[in-house]
Amino acid sequence: DAGVIQSPRHEVTEMGQEVTLRCKPISGHNSLFWYRQTMMRGLELLIYFNNNVPIDDSGMPEDRFSAKMPNASFSTLKIQPSEPRDSAVYFCASSRTVEGYGYTFGSGTRLTVV
Amino acid sequence: AQSVTQLGSHVSVSEGALVLLRCNYSSSVPPYLFWYVQYPNQGLQLLLKYTSAATLVKGINGFEAEFKKSETSFHLTKPSAHMSDAAEYFCAVIGSGTYKYIFGTGTRLKVLA
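Reference entry: report on the structure contained in this document.

## Examining the overall build of chain A
Thinking step 1. A tally of regular secondary structure across chain A gives 0 helices and 11 strands.
Thinking step 2. In chain A, the order of α-helices and β-strands from amino to carboxyl end is β-β-β-β-β-β-β-β-β-β-β.
Thinking step 3. Compactness check: chain A gives a C-alpha radius of gyration of 13 Å against a globular reference of 13 Å for 114 residues, within 12% of the reference.
Thinking step 4. C-alpha atoms of chain A, sized along the principal axes, occupy 40 × 30 × 25 Å.

Next up, the structure:
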């Protein structure tokens, strides 16, 4: 099992540019989560998908952020336009919809917006 | 609403000493509880989890945690710290019937030679 795969590992972009982060969950996992981690705010849940359907997007900070899950093996998180305050580490995690199963996290994408 | 409190944002121990990282949860019913470890520049890795099967839970790398309902606690321990244990540790809770973690604010463990 290759685990949750995220790409790219690092992204440096200029303010105003579009950024797309990618995630491949573990095969057989039907729940997918996007988190953002910063020193100031810790871990924040951005959006939760179950069976490819967005269930809870209350953590998405603004309309500049959007997420999709076109199929069970792929999800994207897009920021357009990006701003310096979006600089953070973005994690994807997947799980099975079984109580108490627990999440498996990817290695994250470190985004720097200059 | 569910919540977890991790006491101590930074903990330092000497190599070979006992590691104790504290986590208290608030819940009217026993939830599912987890400890995760995050090494520098890496994602979170599951150390152990409590799912009501046993109150003393053993995890990877010699860590264990005990669920104490009377104290609403789930503290993480390791008898003898190793330099490689230096990392940030997160306690998390999921309420019954939900799939959304509530994370603690994390405790950064430093191991002194």
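The structure having been displayed, the exposition proceeds.
## Overview of the packing of aromatic side chains
Residue and element names in this part refer to chain A.
Thinking step 1. Counting across every chain of the model gives 20 aromatic pairs over all chains.
Thinking step 2. Residues Tyr-35 and Tyr-103 carry aromatic rings whose centres are separated by 6.3 Å and whose planes lie at 50 degrees to one another, so their mutual orientation is tilted. With Tyr-35 in strand E4 (residues 31-38) and Tyr-103 in the loop between strand E9 (88-95) and strand E10 (104-105), this residue pair connects regions lying 68 residues apart in the sequence. Both residues of the pair, Tyr-35 and Tyr-103, belong to the buried class.

## Looking at the interface of chain A and chain B
Thinking step 1. The interface of chain A with chain B comprises 21 residues on the first partner and 18 residues on the second.
Thinking step 2. Overall, the association of chain A and chain B removes approximately 1,600 Å² of surface from exposure, summing both partners, and the carbon and sulfur fraction of that is 54%.
Thinking step 3. Across the chain A-chain B interface, the total number found is 1 salt bridge.
Thinking step 4. The salt bridge partner of Lys-100 of chain B is Asp-56 of chain A, with a shortest N-O separation of 3.0 Å.
Thinking step 5. The tally of links between chain A and chain B comes to 7 residue pairs in polar contact (both at pLDDT 80 or more).

## Looking at the pairing of E9 of chain A
Residue and element names in this part refer to chain A.
Thinking step 1. Of all 8 residues in E9, 8 are buried, a share of seventy percent or more.
Thinking step 2. A two-sided burial pattern is seen for E9, the buried positions comprising Ala-88, Tyr-90, Cys-92 and Ser-94 on one face and Val-89, Phe-91, Ala-93 and Ser-95 on the other.
Thinking step 3. Here E4 runs beside E9; their pairing, made up of 7 bridges, is antiparallel. Looking at the pairing, Ser-31 lines up with Ser-95 of E9.
Thinking step 4. Pairing of E9 with strand E11 (residues 109-113) involves 3 bridges; the strand directions are antiparallel. Note on E11: the bridge partner recorded for Ala-88 is Leu-111.

## Quick notes on unusual backbone geometry
With the exception of glycine, most residues fall at negative phi, and the peptide bonds are largely trans.
Thinking step 1. Cis rather than trans, the peptide bond between Ser-7 of chain A and Pro-8 of chain A has omega equal to -10 degrees.
Thinking step 2. Relative to the helices and strands, Pro-8 of chain A is located in the loop between strand E1 (5-7) and strand E2 (10-13).
Thinking step 3. Positive phi, normally seen in glycine, also occurs at Asn-52 of chain A, with a value near 75 degrees.
Thinking step 4. Notably, Thr-72 of chain B is not glycine yet its phi reads approximately 45 degrees, a positive angle.

About the cut-offs
- Residues numbered from 1 in each chain as written.
- Chains lettered and ligands numbered in written order.
- Predicted model: local features only at pLDDT ≥ 70, side-chain atom pairs only at ≥ 80, totals over all residues.
- Heavy atoms only, no water.
- Helix = DSSP H or I, 4+ residues; strand = E, 2+ residues; numbered from the N terminus.
- Rg over C-alpha atoms; globule rule 2.2 N^0.38 Å.
- Phe/Tyr/Trp six-rings, centres within 6.5 Å; stacked < 30°, edge-to-face > 60°.
- Buried < 20%, exposed > 50% of the residue type's maximum accessible area, 1.4 Å probe, protein only.
- Contact = heavy atoms within 4.5 Å.
- Buried area = accessible area lost by both parts, 1.4 Å probe.
- Salt bridge = Lys/Arg side-chain N within 4 Å of Asp/Glu carboxyl O.
- Polar contact = N/O pair within 3.5 Å; in protein donor to acceptor, adjacent residues only side chain to side chain.
- Pairing = 2+ DSSP bridges.

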